[in-house]
Amino acid sequence: MTDNLCTTDIRVDKVKFTWVINQFTFHVRKAKVLKSSPFSSATNKEFEWILKLGLDKLVPNEKNDISLFLSLSSSSKKVFARYFVTAYGDQHKKLKTVRDTVGTEYNGSITSWGWNCFLQYDQNFKNSLTENKLTIVCEIEFSEMNKESETFKRCKPEDPRCDTLSEGFESLLKNEELVDVKLSVKNKDYPAHKSILAARSPVFAAMFRHKTIENEENRVIIEDIGEDIMDKMLTYIYTGECENVDNMAHELIEAADKYALDGLKIICSEALCKTLTVENASNVLVMADLRGMKDLKDKVIAFVSCNFAEVLDTETWRNILLTYPELVNAVCKGVANRQGCTKMCVLKIKPKKSLFFVLKQFFSLVYNYVFA
């Protein structure tokens with residue numbers, strides 16, 4: 001139940017930059033790295049960005065890769081940025097688009113991210129530049145990381161209709177009015193309403209729409225959920241809200257998954273993202289994968305990629321090497337993308353292989369495709 005309203009916001013600046021490179025093939029023979037002019041957002045001049053195009057590995061008449069990196073050039077402050085870059089040939093023909101939708105951290109020690117394999121310098125690429133002009137368009141959204149969010153105008157709702165529905169349902173739950181079913185959890189019974197449970201959960205709906213034991217006896221026995229978890233779950237079912245879930249997010253996700261409460265899973269996912277650490281990241285990653293929570297999984301992979309060396313040294317990470325090889329692959333690709341390599345091979349792990357074999361293959365893969 002919400003007695004007051006407020007708005008919390010954080011400043012996000014945006015910038016779009018177009019870089020036109022004329023006589024591109026002459027630059028290939030002359031320069032190792034091409035740099036754009038510095039550019040910044042019209043709303044935030046403090047942070048200047050530069051695009052760098054790597055030409056040092058190009059060999060005439062051979063198939064080569066052109067690298068591209070986005071650098072923060074003017075500030076040592078920590079910045080979180082999302083961006084996508086598109087390359088165009090003649091007549092505005094799109095050659096390639098790369099995106100960083102998860103987001104990248106720029107700080108004092110790491111000021112440049114990108115792709116070693118942005119474009120292939122082959123005959124098809126040359127044919128697309130008959131006018132010898134390459135155009136690169138970069139769009140960035142960024143926010144200063146250590147700047148506090150701002151909260152505005154905390155006030156009592158003027159409209160008396162605000163929150164009436166959720167307050168009414170919460171009253172039904174607390175006062176046990178017109179109940180027609182009990183949820184039995186260990187030594188405690190929770191009076192509830194079939195219609196509300198069915199409206200909020202497809203699992204309860206299927207249970208109460210058919211001749212089941214639970215429907216006829218007006219009692220649902222639940223043996224795999226604790227009392228504190230049931231309290232939170234029922235609060236969410238009746239009000240749409242669930243607070244203070246940080247210490248029980250894993251268990252709540254299991255309950256929400258069992259009863260198809262997708263909104264509750266999102267609330268728990270946000271709580272887990274706020275409390276991610278090097279020690280718990282591996283367990284959260286496994287749970288997100290098992291529960292089909294793709295957004296949470298992507299965010300954890302991004303976190304692990306940024307803290308790869310520290311996570312690699314934890315016991316929980318070593319435990320998933322053999323059991324969840326597909327997650328190891330996903331993390332490898334995340335690390336590779338952070339290092340600028342888009343050509344990442346798959347780590348193939350067969351069941352019953354020794355831990356030594358897995359570690360040997362894993363470190364070989366990381367070395368060859370990330371740090372080499």
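Residues numbered from 1 in each chain as written. Predicted model: local features only at pLDDT ≥ 70, side-chain atom pairs only at ≥ 80, totals over all residues. Heavy atoms only, no water.

## Overview of the side chain of Asp13
Checked against the element boundaries, Asp13 lands in strand β2 (residues 13-22). Those residues in contact with Asp13 that sit more than four places away from it in its chain are Ser41, Thr43, Asn44, Ile140, Glu141 and Phe142. (Helix = DSSP H or I, 4+ residues; strand = E, 2+ residues; numbered from the N terminus. Contact = heavy atoms within 4.5 Å.)

## Some words on the pairing of strand β13 (residues 188-192)
Bridging between strand β12 (residues 181-185) and β13 involves five bridges; their strand directions are antiparallel. What sits directly across from Val185, in β13, is Lys188. In sequence, β12 turns back onto β13 through a hairpin of two residues, with Lys186 there showing a positive phi of about 55°. (Pairing = 2+ DSSP bridges.)

## Some remarks on the pattern of salt bridges
Following the criterion strictly, the structure yields nine salt bridges and no others. The closest approach of N and O atoms between Asp257 and Arg291, which form a salt bridge, is 3.0 Å. One end of the pair, Asp257, is in helix α8 (residues 249-258); the other, Arg291, is in the loop between α10 (281-290) and α11 (294-306), with 34 residues separating them in the sequence. For Arg291, a relative accessible area of 27% gives the class partly exposed. Residue Asp289 is joined to Lys297 by a salt bridge in which the shortest nitrogen-to-oxygen separation is 3.0 Å. Each of Lys14, Arg82 and Glu141 takes part in one network of salt bridges that share partners. (Salt bridge = Lys/Arg side-chain N within 4 Å of Asp/Glu carboxyl O. Buried < 20%, exposed > 50% of the residue type's maximum accessible area, 1.4 Å probe, protein only.)

## Examining the packing of α8 against helix α9 (residues 262-274)
Interaxial distance between α8 and α9 falls to 9 Å at its minimum, and their mutual angle equals 160°. Considering the angle they form, α8 stands roughly antiparallel to α9. Remark: the crossing between α8 and α9 carries left-handed chirality. Here α8 contributes Ala249, His250, Leu252, Ile253, Ala256 and Asp257 to the contact with α9, which in turn contributes Leu264, Lys265, Cys268 and Leu272. Here the residues of the contact of α8 with α9 sort into seven nonpolar, one polar and two charged. (Axes fitted to C-alpha atoms, helices over the stretch in contact; angles between N-to-C directions. Parallel < 35°, antiparallel > 145°, perpendicular 65-115°, else oblique. Left-handed = near helix turned anticlockwise from the far one by under 90°. Nonpolar A, V, L, I, M, F, W, Y, C, P; charged D, E, K, R; others polar.)

## Some details on the side chain of Thr135
Along the chain, Thr135 turns up in strand β10 (residues 133-144). Those residues in contact with Thr135 that sit more than four places away from it in its chain are Thr18, Trp19, Val20, Thr86, Ala87 and Tyr88.

## A look at the state of the cysteines
For the structure on display, the rule yields zero disulfides. Free cysteine Cys242: the closest other cysteine sulfur is in Cys268, separated by 6.2 Å. (Disulfide = S-S within 2.5 Å.)

## Focus on α8
Every buried residue of α8 is listed here: Ala249, Leu252, Ile253, Ala255 and Ala256. Summarising the axial view, the buried residues of α8 lie within an arc of 165°, below the 170-degree limit, and thus occupy one face. Buried residues in α8 make contact with α7 (227-239), α9 and α10. A positive backbone phi angle near 55° is found at Ala260, which sits one or two residues after α8. (Arc of directions from axis to C-beta.)

## Things to note about a negative patch on the surface
A grouping of Glu227, Asp228, Asp231, Glu251 and Glu254 is seen on the molecular surface, where their side chains present a negatively charged patch. Contributions of two or more residues to the negative patch are made by α7 and α8. Here the negative patch takes three residues from α7, the largest share from any one element. Among the structural elements, Glu254 can be located in helix α8. Looking at Glu254, the relative accessible area reads 43%, which means it is partly exposed. (Patch = residues over 30% accessible without salt bridge, like charges linked within 9 Å, V, L, I, M, F, W, Y side chains within 5 Å. Areas by Shrake-Rupley, 256 points an atom, 1.4 Å probe, with all protein chains shown as cover. Lys, Arg positive; Asp, Glu negative; His and termini not counted. Charge placed at Lys NZ, Arg CZ, Asp CG, Glu CD.)

## Let's talk about the pairing of β10
Two strands pair when backbone bridges link them, and β2 and β10 are joined in this way by ten bridges, in the antiparallel orientation. Note that in β10 the partner of Val15 across the bridge is Ile140. In this sheet, β10 lies alongside strand β7 (residues 79-88) in antiparallel orientation, the contact comprising ten bridges. When the bridges of β10 are listed, Val79 appears paired with Glu144.

## Focus on the packing of aromatic side chains
The geometry of an aromatic ring pair is captured by two quantities: the separation of the ring centres and the angle between the planes. Per the stated rule, a full pass over the model turns up eight aromatic pairs. With a centroid separation of 5.8 Å and an interplanar angle of 80°, the aromatic rings of Tyr83 and Trp115 are classed as edge-to-face. Separated by 32 residues along the polypeptide, Tyr83 in strand β7 and Trp115 in strand β9 (residues 112-121) bring together distant segments of the chain. Of the two residues examined, Tyr83 and Trp115, each falls in the buried class. By the ring-pair criterion, three or more aromatic residues cluster together here, those being Phe24, Tyr121 and Phe125. (Phe/Tyr/Trp six-rings, centres within 6.5 Å; stacked < 30°, edge-to-face > 60°.)

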